[in-house]
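Inside the fold
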Amino acid sequence: MFGKILVANRGEIAVRVMRACRELGIPTVAVYSEADKHALHAKYADEAYLIGAAPPSQSYLNIDAILDVAEKSGADAIHPGYGFLAENAKFVRACEKHGITFIGPSSKAVELMGSKIEARKTMKKAGVPVVPGSEGEVRDVEEAKAIAEEIGYPIVLKASAGGGGIGMKVVKSEAELEQAIESAKSVAKSAFGDATLFIEKFLSRPRHIEFQVLADKHGKTLHLNERECSIQRRHQKLIEECPSPIVTPELRERIGGLAVKAAESIKYTNAGTVEFIYSQGEFYFLEMNTRLQVEHPITERTTGIDIVKEQILIAAGEAIEYEQSEVPLFGHAIECRINAEDPLNDFAPSPGKITRYRSPGGPGVRIDSGIRMGYTIPPYYDSMISKLVVWGRTREEAIARMERALSEYIITGVKTNIPFHKAVMRNEAFRRGELSTNFIEEQNILAKIPEIIKEDEAREARLAEAFREDKRVAAIATAVSMYIDAAKRKSEEKYERE
Ligand code: MV4
């Protein structure tokens, strides 16, 4: 087992990984930037090292600085968390070169799945359904026209080096094609340094359903059920749940089996996620993420499996001890990503000092957070500050619990998207499990937010007034009791004189 683990990340996920290390009795090393001097993760670790200035390129993306700390601290393994270097094959190779275990898949697996064209080819060969589209790269307009004729409009242009929807371009007719290709190429070039494009048939109103996979180094690969992640805004997931309201046990077995086949086909090891889009009754491979996902806690909550611990044990060469048939799925979990963003200002980031912080508690509530009272959220990083995860025996109970937990979650000093989550939880289509990637627009969720903010402000004002009232009452009570004591003292003195 590892002697010491360096967590090459920040915020809630760094604290979350350190918790698993602590439970395994493994000392931890934090790295932090100038902006994170007082951050929770730097305090939580057994050792903490400054690695550079606030901008990620000078700190959390600085491979040499991170490996220097690993050498200096004697860390023999690195957990990358998600984002930053988590899917950077160059970083994985650098760890391997330095004899430091990267807690994740091999650099080969990261590289292969990093090319969406290679991923599609690999999945097709493994018998995993892919969206009809181009075999490989689409080099010019003529090729694109021919493919689009074959599969029919609308089509979508995607960057092979991309992911998460960046650079995606929907094309409704041949007339738009040439211009669309030019702009998609330039976006791909600037975002990923690689202009390679491919084409897929555009599937309308899809759902995003992904399967967690876990594979050890002894040939065992299994899935830990699915997660529904359809509520997204500009390709950013906001609310995830497990299980998906539309996945039956038979579907779970069939598509979970495809996810396992996908992982086995590339000899995948460690934790990964196979993403599917579900449209008109069919599942199609979308992408494979070769990292721990933000939303992993809802899988942990409904299986009882600590995925980060499994990652560490697998990376250390341990075998997975249970069989697929022993992976449970109990109850229903929902995660709301709490972002420091202003929902009334196009969700613009809202960094700043947290003046009041009170997190919810009670049965079935988990908070993974990297913030605390008095902490100043820096403007340099992702706006997610915590994850609120609730569990219930049923989806209905989980929704009611999420509403209760959201009503208890107090964060002031910065704007948050908590009102957005409240609006979704009370939406009838959401409560019926009728989701799609167009949910936020179709249900006009954003229009509901001002009213909710007004309700919250009115409640806060009532509480403050009651508190002031309490203070007034307490002050009057104190004055009366002081008056009574003085009167009593006076009558006693009078009695003694007589
Ligand atoms: C698609 C699609 C429709 N048809 N591909 C790719 C990256 C992922 N984050 C979003 N992607 C999509 N790929 C085809 N052929 C629609 C989306 C999409 C989407 C998919 C699932 C969940 C939310 C989404 C939001 C916007 C677009």
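Position numbers for residues count from 1 along each chain, tracking the sequence in the order it is written. Only residues with pLDDT of 70 or above have their local features reported here, since the model is predicted, and side-chain atom pairs are shown and tallied only from 80 upward, although totals for entire chains, interfaces and linings are computed over all residues. Water and hydrogen atoms were dropped before computing side-chain values, which therefore reflect all heavy atoms in the structure.

With respect to the overall build of the protein
The following threshold applies: Segments assigned H or I by DSSP are reported as helices when at least four residues long, segments assigned E as strands when at least two residues long, and all are numbered from the N terminus. Burial here depends on accessible area, computed with a 1.4 Å probe over protein chains only, as a share of the maximum for the residue type. Under 20% is buried, over 50% is exposed, and the range in between is partly exposed. Any two residues whose heavy atoms approach within 4.5 Å at even a single point are treated as in contact. Surface accessibility in these figures is a Shrake-Rupley result with a 1.4 Å probe; residues are shielded only by whichever protein chains are displayed.
In terms of regular secondary structure, the protein is built from 16 helices and 22 strands. Referenced to the eigenvectors of the C-alpha coordinate spread, the extents of the protein come out at roughly 115 × 55 × 45 Å. In the protein, buried positions account for 54% of the 498 residues. Partitioning the contacts of the protein with sequence separation of at least 6, the portion at a separation of at least 24 is 67%. As presented, the protein carries roughly 22000 Å² of accessible surface, and 53% of it is formed by carbon and sulfur atoms.

Digging into the site of the ligand
Let me state the cut-off plainly: Put simply, a residue is near a molecule or strand once any heavy atom of it comes within 4 Å of that molecule or strand. Polar contacts, as used here, are pairs of N or O atoms within 3.5 Å; protein pairs need one atom able to donate a hydrogen and one able to accept it. Residues neighboring in sequence count only if both atoms are side-chain atoms.
Neighbouring the ligand are 18 residues, the closest being K158, E200, K201, L203 and T437. Between the ligand and E200, the relevant distance is 2.9 Å, taken from a nitrogen atom to a side-chain nitrogen or oxygen of the residue. Interatomic distance of 2.8 Å between a backbone N/O atom of K201 and a nitrogen atom of the ligand. Elements with a contribution of two residues or more to the shell around the ligand: strand 6 (155-159), strand 8 (197-201) and strand 13 (282-289).

What to know about the side chain of S279
Within the secondary structure layout, S279 lies in strand 12 (residues 270-279). If near-sequence neighbours (up to four positions away) are discounted, S279 is found in contact with L203, S204, P206 and Y284.

Some details on the sheet that holds strand 7 (residues 169-171)
Put simply, the rule is: Criterion used throughout: strands pair if DSSP finds at least two bridges between them. Between N-to-C directions, angles span 0 to 180 degrees; the directions come from axes that are lines fitted to C-alpha atoms, helices contributing only their stretch in contact.
With antiparallel pairing, 3 strands are arranged side by side in an open sheet as 7-6-8. The open sheet is flanked by strand 7 and strand 8, the only strands paired with a single partner. Between one strand and the next, the sheet's axes are offset by a mean angle of 30 degrees, whatever the strand orientation. Of the strands in this sheet, strand 6 and strand 8 touch helix 6 (residues 116-125), which is tilted by about 50 degrees from strand 8. Those strands touched by helix 7 (residues 141-151) are strand 6 and strand 8, and its axis lies near 15 degrees from that of strand 8.

Regarding the packing of aromatic side chains
Applied cut-off: Each aromatic pair joins two rings of Phe, Tyr and Trp (for Trp, the six-membered one) with centres within 6.5 Å, and gets the label stacked for planes under 30 degrees apart, edge-to-face for over 60, and tilted for any other angle. Throughout this description, the term charge over a ring refers to an Arg CZ or Lys NZ atom that lies within 6 Å of the ring centre and within 35 degrees of the ring normal.
Counted according to the given criterion, the structure contains 11 aromatic pairs. On the basis of an interplanar angle of 70 degrees and a centroid distance of 5.7 Å, the ring pair of Y357 and Y409 is categorised as edge-to-face. Highlighted residues: Y357 in strand 18 (residues 356-358) and Y409 in the loop between helix 12 (395-408) and strand 22 (410-412), separated in sequence by 52 residues. As far as burial versus exposure is concerned, Y357 and Y409 are alike and both buried. Each residue in the set Y60, F84, Y380 and Y381 is aromatic and connected to the rest through ring pairs, giving one cluster. The residue whose ring lies beneath R22 is Y44, and the NZ or CZ to ring-centre distance is 4.1 Å. A cation over a ring is seen here: R395 above F430, with NZ or CZ 4.7 Å from the ring centre.

Quick notes on the packing of helix 13 (residues 418-425) against helix 16 (residues 445-497)
Keep this limit in mind: Working rule for angles: under 35 degrees goes down as roughly parallel, over 145 as roughly antiparallel, 65 to 115 as roughly perpendicular, anything else as oblique. A crossing counts as left-handed when the near helix is turned anticlockwise from the far one by less than a right angle, and as right-handed when that turn is clockwise. Under the scheme applied, nonpolar residues are Ala, Val, Leu, Ile, Met, Phe, Trp, Tyr, Cys and Pro; charged residues are Asp, Glu, Lys and Arg; polar residues are all the others, including Gly.
Here helix 13 crosses helix 16 at 110 degrees, and the two axes come no closer than 8 Å. In this view, helix 13 runs roughly perpendicular relative to helix 16, as classed from their interaxial angle. As helix 13 runs across helix 16, the sense of the crossing is right-handed. Residue-level inspection shows P419, F420, K422, A423 and V424 of helix 13 in contact with helix 16, the latter providing I445, L446, K448, I449, I452, I453 and D456. Of the residues belonging to the contact of helix 13 with helix 16, the class tally is 9 nonpolar, no polar and 3 charged.

Quick notes on the sheet that holds strand 2 (residues 28-33)
The strand order across the open sheet built from 5 strands is 3-2-1-4-5, with neighbouring strands paired in parallel fashion. Each edge of the sheet is formed by a strand with only one pairing partner; in this case those strands are strand 3 (47-52) and strand 5 (101-102).

Describing the pairing of strand 13
Across the 8 residues of strand 13, 7 count as buried, placing the element largely inside the fold. In this structure, strand 12 lies alongside strand 13, joined through 7 bridges in antiparallel fashion. Its bridge partner being in strand 13, F276 is matched across the sheet by F285.

Comments concerning helix 16
Spelled out, the test is: One less than the number of residues in a helix, times 1.5 Å, gives the span that helix is expected to have.
In this model helix 16 runs 78 Å from its N-terminal to its C-terminal C-alpha over 53 residues, within 8% of the 78 Å that 1.5 Å per residue would give. All of the buried residues in helix 16 are I445, I449, I452, I453 and D456. On its buried side, helix 16 packs onto helix 13 and helix 15 (439-442).

Considering the side chain of K237
Position of K237 among the secondary structure elements: in strand 11 (residues 236-242). The class for K237 is buried, based on a relative accessible area of 11%. A polar atom in the side chain of K237 sits 2.9 Å from the side chain of E210.

Section: the pairing of strand 8
Most of strand 8 sits out of view: 4 of its 5 residues are buried. In this structure, strand 6 lies alongside strand 8, joined through 5 bridges in antiparallel fashion. Across the sheet, I155 pairs through a bridge with K201, a residue of strand 8.

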